[in-house]
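Chain and residue survey
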Amino acid sequence: MTEREKMLAGELYDARDPELQAMRRRARRLIQALNACRDDAEEERAALLRELLPGAGQGLWIEPPFYCDYGCHLTLGDNVFFNFDCVVLDVAPVTIGSNVLFGPAVQLYTATHPLAAEARRSGLEAGKPITIGDDCWIGGGVVVNPGVNIGARSVIGAGSVVTRDIPPDVFAAGTPCRVIRRLET
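Described below are features of the structure shown in this document. Worth saying up front: this structure is predicted, and the values here are computed from it rather than measured.

**Some remarks on the overall build of the protein chain**
- Of the regular secondary structure elements, the protein chain holds 4 helices and 19 strands.
- Its C-alpha radius of gyration of 16 Å places the protein chain within 12% of the 16 Å reference for a compact globule of 185 residues.
- Expressed as lengths along the three principal axes of its C-alpha atoms, the size of the protein chain is roughly 50 × 45 × 25 Å.
- Taking all contacts inside the protein chain whose residues are at least 6 apart in sequence as the whole, residues at least 24 apart take part in 26%.
- Distance between charge centroids for the protein chain: 6 Å, based on 19 positive and 24 negative side chains.

As structure tokens, this is what we get:
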């Protein structure tokens, strides 16, 4: 397997692999151009977003600055909104449904490292996918950890750290994030 194939399969991989480095450099060039793009340059912004995030649906809106590792590992439904200063570490697939809102400074982390110090010294890392269902609202400053699934129509309170799966139709908050109550649908 290539290092990219290992990365996407959730196995330990070497992020220093030349193919992965080239992919990250490409994404960073696009991100830098996107973040520097004037607000009224709508066609240029749309073209940059299509190139950076080819798996995005219609109606994507991103307030800069925005950051991600690769971009091509994100799948976004229609009408997704990222507020200012969001970060997506997409070393594993990130799947986001339609009509999802992200507050400012939301961070989605698929990247993880071995717990054992000796294994960490090897420089290898891994990733676990993140899935966020349709019609979710992820409040400002939320951190979503590797391997988490957030069910459709759920709301995550600002400042939460989501360390485990959240079911659909709930309001959840805290550090670590936990279900506070069910939501009426």
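**Some details on the sheet that holds strand 2 (residues 61-62)**
- Reading across the sheet, the 7 strands line up as 2-5-8-13-16-18-19 and stay open at both edges, with mixed pairing between neighbours. At either end of the open sheet lies a strand with only one pairing partner, and these are strand 2 and strand 19 (178-182).
- Sheet topology places strand 18 (residues 170-173) next to strand 19; 4 bridges connect them, and they run antiparallel. Bridge pairing in strand 19 places Ala173 opposite Arg178.

**Thoughts on the packing of aromatic side chains**
- Inspection of the entire model under this criterion finds 2 aromatic pairs.
- In textbook terms, an aromatic cluster arises when at least three aromatic residues are bridged by ring pairs, as seen for Phe66, Phe82 and Phe102.
- Cation over ring: Arg45 sits above Trp61, and NZ or CZ is 4.7 Å from the ring centre.

Cut-offs applied
- Residues numbered from 1 in each chain as written.
- Predicted model: local features only at pLDDT ≥ 70, side-chain atom pairs only at ≥ 80, totals over all residues.
- Heavy atoms only, no water.
- Helix = DSSP H or I, 4+ residues; strand = E, 2+ residues; numbered from the N terminus.
- Rg over C-alpha atoms; globule rule 2.2 N^0.38 Å.
- Contact = heavy atoms within 4.5 Å.
- Lys, Arg positive; Asp, Glu negative; His and termini not counted.
- Charge placed at Lys NZ, Arg CZ, Asp CG, Glu CD.
- Pairing = 2+ DSSP bridges.
- Phe/Tyr/Trp six-rings, centres within 6.5 Å; stacked < 30°, edge-to-face > 60°.
- Lys NZ or Arg CZ within 6 Å of the ring centre and 35° of its normal.

Geometric values such as these leave the question of function open.
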